[in-house]
Amino acid sequence: MSKQIKVRFAPSPTGPFHIGGARSALFNWLFARKVGGKFVLRIEDTDLERSTRESEENIKKALKWLGMDWDEGIDVGGDNGPYRQTERLDIYNKYTEKLIADGHAYYCYCTDEELEAERQALIADSKMPRYMGKCRDLTSEQIEQYKAEGRKPTVRFRVPADKQIVVNDLVRGDVVFESNGIGDYVIVKSDGIPTYNYAVVIDDSTMEITHVIRAEEHLSNTPRQCLIYDALGFERPIFGHISLILGKDHTKMSKRHGATSVDQYRQLGYLPEGLNNFLALLGWSPSGEQELFTIEELIQEFSMDHVAKNPAVFDVDKLNWINQQYMRKLSAEEFFETAKPHMIEAGYMTGDETGEKLEWLKSVVATAKEHISYGAQIPAAVAMYFSDDFGFENDEAAAVLKEESVPTVMNMLFAELHALEVLDGPAVKATFKKIQKETGLGGKNVFMPIRVALTGNQHGPELAEMIPILGIERSINRIKASLEKSGVSL
Ligand code: GLU
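Residues numbered from 1 in each chain as written. Predicted model: local features only at pLDDT ≥ 70, side-chain atom pairs only at ≥ 80, totals over all residues. Heavy atoms only, no water.

Peer 1: Honestly, the site of the ligand in this entry has me stumped. Any pointers?
Peer 2: Residues in contact with the ligand, as listed here, are Arg8, Ala10, Pro11, Ser12, Glu44, Tyr196, Val200, Arg214 and His218. Residue glutamate 44 places a side-chain N or O atom 2.6 Å away from a nitrogen atom belonging to the ligand. Within the contact set of the ligand, an oxygen atom lies 2.8 Å away from a side-chain nitrogen or oxygen of histidine 218. For the ligand, whose accessible area on its own is 300 Å², the fraction buried by protein is 81%. Counted by class, the shell around the ligand contains four nonpolar, two polar and three charged residues. (Near = heavy atom within 4 Å. Polar contact = N/O pair within 3.5 Å; in protein donor to acceptor, adjacent residues only side chain to side chain. Areas by Shrake-Rupley, 256 points an atom, 1.4 Å probe, with all protein chains shown as cover. Nonpolar A, V, L, I, M, F, W, Y, C, P; charged D, E, K, R; others polar.)

Peer 1: So what exactly am I meant to see when it comes to the packing of helix 16 (residues 406–419) against helix 18 (residues 443–455) here?
Peer 2: The angle between the axes and the distance between the axes are what describe a pair of packed helices. One can describe the packing of helix 16 onto helix 18 by two numbers: an axis separation of 10 Å at closest approach and a directional angle of 80°. One way to sum up the angle between helix 16 and helix 18 is to call them roughly perpendicular. On helix 18, the residues that touch Val406, Val409, Met410 and Leu413 of helix 16 are Asn445, Val446, Pro449, Ile450 and Ala453. A breakdown of the residues in the contact of helix 16 with helix 18 according to their chemical character gives eight nonpolar, one polar and no charged. (Axes fitted to C-alpha atoms, helices over the stretch in contact; angles between N-to-C directions. Helix = DSSP H or I, 4+ residues; strand = E, 2+ residues; numbered from the N terminus. Parallel < 35°, antiparallel > 145°, perpendicular 65-115°, else oblique. Contact = heavy atoms within 4.5 Å.)

Peer 1: Help me out: how do you make sense of helix 9 (residues 272–280) in this one?
Peer 2: Residue pairs three or four apart in sequence face the same way in an α-helix, which turns once every 3.6 residues. In terms of residue burial, helix 9 counts as a mostly covered element, since eight of its nine residues are buried. Taken together, the buried positions of helix 9 are occupied by Pro272, Gly274, Leu275, Asn276, Asn277, Phe278, Leu279 and Ala280. Along its buried surface, helix 9 packs onto helix 1 (19–35), helix 2 (53–65), helix 8 (262–267), helix 10 (295–301) and helix 11 (316–329). (Buried < 20%, exposed > 50% of the residue type's maximum accessible area, 1.4 Å probe, protein only.)

Peer 1: What am I meant to see in the pairing of strand 10 (residues 238–242) here?
Peer 2: Where a strand is regular, its side chains alternate between the two sheet faces. With four of five residues buried, strand 10 is to be regarded as a mostly interior element. Here strand 9 (residues 211–215) runs beside strand 10; their pairing, made up of five bridges, is parallel. Following the sheet pairing, isoleucine 213 is matched in strand 10 by glycine 240. Following the backbone out of strand 9, through helix 7 (residues 222–232) and into the adjacent parallel strand 10, one traces a crossover that is right-handed. (Pairing = 2+ DSSP bridges. Right-handed = clockwise from strand over helix to strand, strands pointing away.)

Peer 1: Just to check I follow, could you spell out the environment of valine 166 for this structure?
Peer 2: Locating valine 166 in the fold gives a position in strand 6 (residues 164–169). Since its relative accessible area comes to 33%, valine 166 is described here as partly exposed. Measuring from C-alpha to C-alpha, the distance between valine 166 and arginine 214 comes to 18 Å, with 48 residues separating the pair along the chain. Once residues within four sequence positions are removed from consideration, valine 166 is found in contact with Asp174, Val175, Val176 and Arg236.

Peer 1: Looking at this structure, I do not really get the nonpolar core. What am I missing?
Peer 2: As a rule of thumb, nonpolar side chains are buried together in soluble globular proteins. Among the nonpolar cores identified, the biggest contains 131 residues, and Ile187 and Ile450 are the most heavily contacted of them. Counting residues per element, this core draws most heavily on helix 1, at nine residues. Setting aside residues no more than four positions away along its own chain, isoleucine 450 makes contact with Val409, Met410, Leu413, Phe432, Leu463, Ile467 and Ile479. (Core = buried A, V, L, I, M, F, W, Y, C linked by side-chain atoms within 4.5 Å.)

Peer 1: Just to check I follow, could you spell out the pattern of salt bridges for this structure?
Peer 2: When the charged atoms of two side chains with opposite charge come close together, those side chains can pair. The tally for this structure, following the rule as stated, stands at 38 salt bridges. Between arginine 33 and aspartate 69 there is a salt bridge whose closest N-O contact spans 3.1 Å. In this pair, arginine 33 is assigned in helix 1 and aspartate 69 in the loop between helix 2 and strand 3 (72–73), connecting sequence segments 36 residues apart. The class of aspartate 69 is partly exposed, set by a relative accessible area of 41%. What you see here is one network of salt bridges that share partners, running through Arg8, Arg42, Glu44, Arg88, Asp203 and Asp204. (Salt bridge = Lys/Arg side-chain N within 4 Å of Asp/Glu carboxyl O.)

Peer 1: What's the story with the packing of aromatic side chains in this structure? I'm lost.
Peer 2: Aromatic ring pairs are described here by two measures, namely the spacing of the ring centres and the angle between the planes. Taken as a whole and assessed by the stated rule, the structure comprises 14 aromatic pairs. Taken together, a centroid distance of 5.3 Å and an interplanar angle of 20° make the contact between tyrosine 109 and tyrosine 146 stacked. With tyrosine 109 in the loop between strand 4 (105–108) and helix 4 (112–124) and tyrosine 146 in helix 5 (residues 140–148), the pair connects residues that are 37 residues apart, well separated along the chain. The two residues tyrosine 109 and tyrosine 146 agree in class, both being buried. Three or more aromatic residues link up through ring pairs in this structure, and these residues are Tyr265, Tyr270, Phe278, Phe314 and Tyr374. It is arginine 156 that lies over the ring of tyrosine 131; its NZ or CZ is 3.7 Å from the centre. Positioned over the ring face of phenylalanine 390 is lysine 485, at 5.0 Å from the centre of the ring. (Phe/Tyr/Trp six-rings, centres within 6.5 Å; stacked < 30°, edge-to-face > 60°. Lys NZ or Arg CZ within 6 Å of the ring centre and 35° of its normal.)

Peer 1: Can you walk me through the packing of helix 18 against helix 20 (residues 472–485) in this structure?
Peer 2: Viewed as axis vectors pointing N to C, helix 18 and helix 20 meet at an angle of 90°, and their least axial separation amounts to 7 Å. By the angle between their axes, helix 18 is roughly perpendicular relative to helix 20. When helix 18 is examined against helix 20, the residues Ile450, Val452, Ala453, Leu454 and Thr455 are found in contact with a partner set consisting of Ser475, Arg478, Ile479 and Ser482.

Peer 1: Explain the sheet that holds strand 8 (residues 186–188) to me, please; I cannot follow it from the model alone.
Peer 2: Either a parallel or an antiparallel arrangement is found when strands of a sheet pair, and the pairing is made through backbone hydrogen bonds. The antiparallel open sheet is built from three strands, whose spatial order is 4-5-8. Each end of this open sheet is capped by a strand with a single partner; those strands are strand 4 and strand 8. Strand-to-strand twist across the sheet, computed as the mean angle between neighbouring axes with direction ignored, equals 45°. Direction of pairing for strand 5 (residues 154–157) relative to strand 8: antiparallel, over a ladder of two bridges. Paired with arginine 156 across the bridge in strand 8 is valine 186.

Peer 1: Can you help me understand the side chain of aspartate 203 in this one?
Peer 2: By secondary structure assignment, the location of aspartate 203 is in helix 6 (residues 196–206). The residues touching aspartate 203, leaving out its near neighbours within four places in the chain, are Arg42, Gln85, Arg88 and Tyr92.

The values reported here are purely geometric and, on their own, carry no functional implication.
Right, dumping it as structure tokens:
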């Protein structure tokens, strides 16, 4: 039986959870779900100064929000735990002893000052700065001497000379590195904490990870990791390095390009389905023209064969378009729930409303559905229902009310509205038809002045939708106030 496919997502909990991290997690998760493999969540917290539990919580929250679950890892456990690197020091120590005993690693007593001096000397000599192996073959006397001085050693990996390291990468094919370009590197720091390049190998190997799918920035680390696999006699996993994410201007995605963390997108009111769909398309292309995929469809379609080498461009307009499609699919109830936190934040509701007030808010919010891409845009789209105090958008709009026929249209409208038994969309439409018929005016000469007088704008939501929500009195008062502002008397 072939080995069970197992992938992992191994974030460092050192800050906001970046969308690039979410994309790596998603590719791994989709890959695992597609082939019926396992998805592991491991926390790489060896950077003691920058790692926080808060950041770890954010990562878990974001993954769950996006709909990703894990079969093994922090919180859920598994046969290969613990799943937080700082809790695995005993495991690393065991392998470190073996590497030292086998001559693949050694203690290095160089101080930071000595290392820096070596670096500067190499740079001054136009050589590539790297560790030249001063402590490679220390005698026991030298070691005793250093110990007596109270120096705390690091452990370095002894890089073999003249070796080609070929990384077989699912995305990039064979990538060849020369071992001579790599100085002996630290695998355990002087405080006993392993470095990333070391811990990741022990973890991926002991956790039986078969495919390491991660960001391209780790490709240059991979030869260092391969050397450790080889030295320990571990089988290397299959690697797949997914491309960088660039901003629309083709520079590396950063805060300058807008929101970069999953949490920011959640707070802006993007839907997890929309963000997932967008993230999946960042570097992966489906075989056909389809752009909208449910999570089940993504699982079906996803394949590492269609992951591109070239950088993915984060096009926020595309994200907005995709998210808009998912927004439109929401039921009225779901859309209202999505809008709620944004409406509360805008001060348009408290969240405690009931009865008629709640129903009115629901009808107001519903008017935004076709016009927005994400939740935070909703308050602006419905602002006109919360303030009767508005101006004309421009002179052209103001001029609309000066048309000769305006008083006639408005007087008829007021009378017709008062006469209505039920105020709803069809009734308003019928009223407009009647006005057109009786005055002989074209549609535009009826709708446009009413729209401008009601909102100050020449464009906007359907009048048949708006007037029933505003109600008769408020609609008439708004129109009268606008006419007065324009000096038009009825
Ligand atoms: N902790 C590393 C990171 O967050 C993970 C690298 C890897 O997947 O090997 O970048």
